[in-house]
Amino acid sequence: MNEPARRIVWTYAEYLEQERASPTKHEFLNGEIFAMAGGTPEHARLCLSVGAELRAQLRGRPCAVYSSDLRVRVQATGLATYPDVSVVCGRLERDREDKDAALNPIVLVEVLSESSEAYDRGQKFAHYRRIPSLREYVLVSQHEQRIEVFHRNEDDSWTLREARAGEGAHLEAIGCALSVDEVYRDPFSQVATAAEG
């Protein structure tokens with residue numbers, strides 16, 4: 001008689017050891033390690049565009065913008081993951097078990113993809129809401145010019161504001177506005193238009 005397969009449970013230290021040796025990124029939750037899918041060129045361009053816009057607006061202020069290389073850990077749930085863009089204001093608080101993981105982002109950004117959208121909107125957002133410092137969660141669509149900003153209110157409820165072409169997505173927590181037109185500006189479409197004219 002075959003025995004059911006035993007689930008492998010990893011410690012966080014074992015996860016970190018594997019992560020240091022791995023060429024790809026992984027999430028960690030409840031003793032399980034999950035490979036993160038690679039992104040498309042559009043995904044990579046949108047991540048950089050959002051990060052560049054925020055960095056330019058935050059220059060000279062005590063806030064830092066991080067790429068998806070920054071690991072964020074949700075202490076309340078144990079999730080370790082790599083948001084597409086993170087903003088930390090003031091001193092970076094590091095996890096005691098993991099000196100490379102940030103605990104105190106004020107803004108997190110995810111660029112949506114078909115494979116991750118349901119997770120980013122649902123379970124991942126549920127984890128992110130447990131980060132005490134988080135004030136805004138930003139979702140950037142790959143398929144249309146749309147930026148959604150979930151803002152944490154004083155009563156711990158969340159309000160959604162949506163911005164489309166010609167509009168700005170306001171991030172009140174850091175006093176920034178993401179111009180939808182700038183975030184989605186494609187230099188190649190401009191070159192093509194100029195060549196046609």
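Our subject is the structure listed above.
Every chain begins its residue count from 1, and numbering advances along the sequence as written. The predicted nature of this model means local features are confined to residues of pLDDT at least 70 and side-chain atom pairs, given and counted, to a pLDDT of 80 or more, with totals for whole chains, interfaces and linings taken over all residues. The side-chain numbers reported here are obtained from all heavy atoms of the structure, hydrogens and water having been left aside.

(A) Examining the pattern of salt bridges more closely. Think of a salt bridge as a Lys or Arg side-chain nitrogen and an Asp or Glu carboxyl oxygen that are within 4 Å of each other. One pass over the structure, following the stated rule, counts 18 salt bridges. What you see here is one network of salt bridges that share partners, running through E117, R121, E144, R146, E148, E162 and R164.

(B) Region of interest: the state of the cysteines. Only a pair of cysteine sulfur atoms within 2.5 Å counts as a disulfide in this structure description. If you walk through the whole model with that rule in mind, you get one disulfide. Paired through a disulfide, C63 and C89 show a sulfur-sulfur distance of 2.0 Å. Sign of the S-S torsion, about 105° for the bond between C63 and C89, identifies this disulfide as right-handed. Taken together, the residues span a long stretch of sequence, with C63 in strand β3 (residues 63-66) and C89 in strand β6 (residues 85-89) at a distance of 26 residues. Buried, partly exposed and exposed residues are distinguished by accessible area as a fraction of the type maximum, computed with a 1.4 Å probe on protein chains only: under 20%, between the cut-offs, and over 50%, respectively. Owing to a relative accessible area of 25%, C89 belongs among the partly exposed residues under this scheme. The cysteine C47 is free of any disulfide, with C176 supplying the nearest cysteine sulfur at 17 Å. This cysteine, C176, is not joined by any disulfide, and C63 carries the nearest cysteine sulfur, 7.6 Å off. Secondary structure elements are defined from DSSP: runs of H or I of at least 4 residues count as helices, runs of E of at least 2 residues count as strands, and each element is numbered from the N terminus.

(C) Representation of the nonpolar core. Residues L54, V138, V140, I147, I174 and L178 are the most contacted members of the largest nonpolar core, which totals 25 residues. A total of five residues in this core trace back to one element, the largest contributor, which is helix α2 (residues 41-58). Side-chain atoms within 4.5 Å are what join buried Ala, Val, Leu, Ile, Met, Phe, Trp, Tyr and Cys residues into a set we call a nonpolar core. One finds V72, L79, A102 and L139 within the second-largest nonpolar core, a separate group that totals 17 residues.

(D) Representation of the environment of H143 within the structure. Mapped onto the fold, H143 is located in the loop between β9 (136-140) and β10 (146-152). A relative accessible area of 56% places H143 in the exposed class. With 34 residues separating them in the primary sequence, H143 and A177 have C-alpha atoms 21 Å apart.

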